[in-house]
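# Summary of structural features
Each chain is listed here by its residues.
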Amino acid sequence: MKRLKPVERSREADAPEVPIPVKRPRRLRRTPGMRELVAENAVNVKDLIEPLFVVPGSGVRREIASMPGIYQQSVDRIAEDAKAAAQAGIRALLLFGIPAHKDERASGLADPAGEVQRAIAALKRAAPELLVIADLCACEYTSHGHCGLLDERGNVDNDRTLALLGAGALSYAEAGADLVAPSDMMDGRVAAIRHALDAHGHLEVGILSYAVKYASAFYGPFRDAAESAPAFGDRRSHQMDPPNAREAIKEALLDVDEGADMVMVKPALPYLDVLWRVKQAVNVPVAVYNVSGEYAMIKAAARQGWIDEDRVVDELLVGCKRAGADAIVTYFARSFAARH
Ligand code: PBG
């Protein structure tokens, strides 16, 4: 490497000789055109999945306090909203239901006249080109708010819950869902769901499995939105422990083996390393869920004028892509679509 002349003694007495840089990575960052030319990743609206929350009633559109800009809507309003989403360029929706009636057995989950089932059909009528993904978990349907049926001691009974999930998946498939997305973290549920779907001829309905779902404090605002906070205890007996990453690979491989068409990692930001590892380990598309608490944090800071929301959102979404996400579930989907 060439050497600069020593700095004049009079100006800097003990300056060492400084090499002239020959390699200059800054050249490729000089102008927007140059940066775009060499960009390694980009977020496309087609990669995004927008979550929607359906509630009983008609004409209902209620903003969720901890998630500004996100609404609980009745079937009629959600169908209108889906048209707007499709017009904005959104291609896929993830649907959550808040039923009128909750009980210990989660009997609303597989009710053909349930909110989610009716909403799936309404969305398909309103915007047939939209992919409809139905979140599948008992927690919105149980009076105790747990993700499955409880045994006598109040613990989630894994194996009895599997039949319930199979029945729920079947009712979503019958309503017209393109994919079902089990988010409960019961062992063996992907196989149970695949079996229930296939046994009834729903060979084309896919499974997007929340294979790697952590027991996270970032789900707080969602539990307001879905009215699904557990009445007692927590979800640590089935959701993953944050210190673990090797276990994520095990969960993802198991789900692929059981028939998952896609797997998901959730939440996003604290787990991008896990997303990367899962992506290297499986040969199916990998989604990531940018969850409610991540949304709420950004909204709150932006409202204070402390961060630039649009720039932060673009940065976080491209970070998900860089970490290997094929698809991103995000409450920012609509606003991103409006800007791109
Ligand atoms: C369970 C489910 C949850 C979320 C998606 N599906 C909540 C939980 O496990 O407690 C969280 C999504 C979010 O925080 O945005 N049905």
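Because the structure is predicted, anything quoted here is derived from the model rather than measured.

Moving on to the site of the ligand. Near the ligand you find 18 residues, and of these K213, R223, R235, K266 and Y331 are the closest. Here a nitrogen atom of the ligand sits 3.4 Å away from a polar atom, N or O, in the side chain of D135. Interatomic distance of 2.7 Å between a side-chain N/O atom of S292 and an oxygen atom of the ligand. Partitioning the shell around the ligand into residue classes produces nine nonpolar, three polar and six charged.

Next up on the list: the pattern of salt bridges. One pass over the structure, following the stated rule, counts 17 salt bridges. The residue D234 makes a salt bridge to R236 at a minimum N-O spacing of 3.0 Å. In the salt-bridge network here, residues are joined through shared partners; they are E50, R61, D81 and R334.

Tracing the backbone through its elements, the reader meets M34 in helix α1 (residues 32–38). Assessed through its relative accessible area of 24%, M34 is described here as partly exposed. Separated by 257 residues in the primary sequence, M34 and V291 place their C-alpha atoms 33 Å from one another. Every residue in contact with M34, bar those within four places of it in the chain, is listed here: R27, L28 and R29.

To continue, consider the nonpolar core. Counting 107 residues, the largest nonpolar core has Y172, V212 and V278 as its most contacted members. Per-element tally for this core: the top contributor is helix α4 (residues 158–175), with seven residues. Those residues in contact with Y172 that lie beyond four places of it in its chain are L109, V116, Q117, I120, A134, D135, L136, Y141, A177 and V180.

Attention now moves to the packing of helix α3 (residues 115–126) against α4. Between α3 and α4, whose axes approach to 8 Å, the crossing angle comes to 25°. For the element pair α3 / α4, the angle class is roughly parallel. Viewed along their axes, α3 and α4 form a crossing whose handedness is right-handed. Counted together, V116, Q117, I120 and A121 of α3 and S171, Y172 and A175 of α4 form the full contact between these two elements. Considered class by class, the residues forming the contact of α3 with α4 number five nonpolar, two polar and no charged.

Take the side chain of E115 next. Residue placement: E115 occurs in helix α3. Among the polar contacts made by the side chain of E115, one reaches the side chain of R118 at a distance of 3.1 Å.

Reading guide: rules and limits
Residues numbered from 1 in each chain as written. Predicted model: local features only at pLDDT ≥ 70, side-chain atom pairs only at ≥ 80, totals over all residues. Heavy atoms only, no water. Near = heavy atom within 4 Å. Polar contact = N/O pair within 3.5 Å; in protein donor to acceptor, adjacent residues only side chain to side chain. Nonpolar A, V, L, I, M, F, W, Y, C, P; charged D, E, K, R; others polar. Salt bridge = Lys/Arg side-chain N within 4 Å of Asp/Glu carboxyl O. Helix = DSSP H or I, 4+ residues; strand = E, 2+ residues; numbered from the N terminus. Buried < 20%, exposed > 50% of the residue type's maximum accessible area, 1.4 Å probe, protein only. Contact = heavy atoms within 4.5 Å. Core = buried A, V, L, I, M, F, W, Y, C linked by side-chain atoms within 4.5 Å. Axes fitted to C-alpha atoms, helices over the stretch in contact; angles between N-to-C directions. Parallel < 35°, antiparallel > 145°, perpendicular 65-115°, else oblique. Left-handed = near helix turned anticlockwise from the far one by under 90°.

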